[in-house]
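A closer look at the structure
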Amino acid sequence: MDKKKTVVVALGHRALGSTLPEQQRATKEAAKAIADLAETGANVVISHSNSQQVGMIHMAMNEFAQNHPEYTTCPMSVCSAMSQGYIGYDLQNAIRAELITRGIYRPVSTVLTQVLVDPYDEAFYEPTKIIGRLLTKEEADAEEKKGNFVTKVEDGFRRIVASPAPKEIIELDAIKALVKDDQIVICCGGGGIPVMEQGVDLRGASAVVEKDLIAGLLAIDLSADTLMILTSVDAVALNYRSDNEKMLGRISVHQARSYLEENQFEKGSMRPKFEAAINFVELGASRRAIITSIPRARAAYLGKAGTEIVNEV
């Protein structure tokens with residue numbers, strides 16, 4: 001019997017919405033794409049964004065602590081764990097319902113996932129990820145006195161945190177065991193909970209791991225056949241939104257790297273998706289990475305849509 005193929009799917013923030021009602025609606029649409037992949041017989045492992053959700057949790061918990069002095073503020077790592085839990089809850093229920101509707105009986109599990117980061121990563125010295133609500137000058141000064149970073153925005157100030165590179169997925173063995181048991185697995189939500197080793201303990205870091213990079217690492221660690229990044233566009237464009245915009249179909253990993261070196265893609269947007277795709281594909285001759293939208297996921301998996309990065313065209 002042929003070995004089952006494994007596909008790692010990275011869901012962007014548009015697959016989850018911004019509010020709880022939006023999330024519940026959006027996960028039903030994402031579940032259809034996941035069920036389409038499951039119908040091919042592949043193992044499916046899912047990572048997802050949490051940018052809107054973790055910001056909302058961070059703001060709510062810290063506003064609560066500000067108004068109730070007997071409670072403490074909530075660290076970013078804990079906010080990330082909370083977001084993994086309630087996003088996973090909606091996703092796994094939506095996927096379960098879609099599978100049952102199609103007569104597919106496969107368990108769906110969410111793994112609360114920690115990701116090891118390097119405390120000396122240069123990202124900690126140049127934080128870039130904006131989180132939380134708008135701050136006044138006085139509140140921004142108070143944050144800086146606590147050792148946190150803030151940045152000036154149009155209407156005030158916002159807190160910013162580092163985005164270090166992921167080094168190791170702590171719960172990888174548990175994820176592998178569930179995949180081997182033919183379960184659909186949701187893990188590494190929001191890039192995973194960033195942690196640093198402190199003796200035998202893992203200490204949460206005030207950071208956000210780039211979700212696309214953790215999806216690439218997850219695909220590498222699972223020896224996946226396909227890394228599928230689902231985003232807001234049907235395919236990647238060169239010279240985006242210009243008169244000579246060109247949509248990319250099937251390209252080689254060598255071409256993909258050359259486009260990256262040309263700075264075709266924005267940091268924090270399409271660039272980390274290409275970086276993750278290239279890192280994954282280069283490590284295996286039969287590997288491929290796909291970048292497309294949720295409605296086009298099935299067609300892209302079958303090679304009929306999206307941008308596909310392979311070793312040789």
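For the structure itself, consult the block above.
Residues numbered from 1 in each chain as written. Predicted model: local features only at pLDDT ≥ 70, side-chain atom pairs only at ≥ 80, totals over all residues. Heavy atoms only, no water.

**Topic: the sheet that holds strand S17 (residues 307-310)**
- One open sheet holds the eight strands; their spatial order is S3-S9-S2-S1-S12-S16-S17-S15, and the pairing between them is mixed. Each edge of the open sheet carries a strand with a single partner, namely strand S3 (108-110) and strand S15 (250-252). Strand-to-strand twist of the sheet, defined as the mean angle between neighbouring strand axes without regard to direction, takes the value 20°.
- Sheet topology places strand S2 (residues 43-48) next to strand S9 (residues 184-186); two bridges connect them, and they run parallel. Residue pairing in the sheet places Ile46 in a bridge with Ile186 of S9. (Pairing = 2+ DSSP bridges. Helix = DSSP H or I, 4+ residues; strand = E, 2+ residues; numbered from the N terminus. Axes fitted to C-alpha atoms, helices over the stretch in contact; angles between N-to-C directions.)

**Let's talk about the packing of aromatic side chains**
- A full pass over the atoms with the stated rule returns one aromatic pair.
- A centroid spacing of 4.3 Å and a plane angle of 40° characterise the contact between Phe265 and Phe274, whose relative ring orientation is tilted. A single burial state applies to Phe265 and to Phe274, both of which are buried.
- Above the plane of the ring of Phe157 lies Lys152, whose end atom (NZ or CZ) is 5.5 Å from the centre.
- Note that Arg288 overlies the ring of Tyr301, its terminal NZ or CZ placed 4.8 Å from the centroid. (Phe/Tyr/Trp six-rings, centres within 6.5 Å; stacked < 30°, edge-to-face > 60°. Buried < 20%, exposed > 50% of the residue type's maximum accessible area, 1.4 Å probe, protein only. Lys NZ or Arg CZ within 6 Å of the ring centre and 35° of its normal.)

**Points about the side chain of Arg106**
- Along the polypeptide, Arg106 turns up in the loop between helix H3 (76-101) and S3.
- Within polar-contact distance, the side chain of Arg106 engages the backbone oxygen of Ala42 at 3.1 Å.
- For Arg106, the side chain forms a polar contact with the main-chain oxygen of Asp182, separated by 3.4 Å.
- In contact with Arg106, not counting residues within four places along its chain, are Lys4, Ala38, Ala42, Asn43, Val44, Leu99, Asp182, Gln183 and Ile184. (Polar contact = N/O pair within 3.5 Å; in protein donor to acceptor, adjacent residues only side chain to side chain. Contact = heavy atoms within 4.5 Å.)

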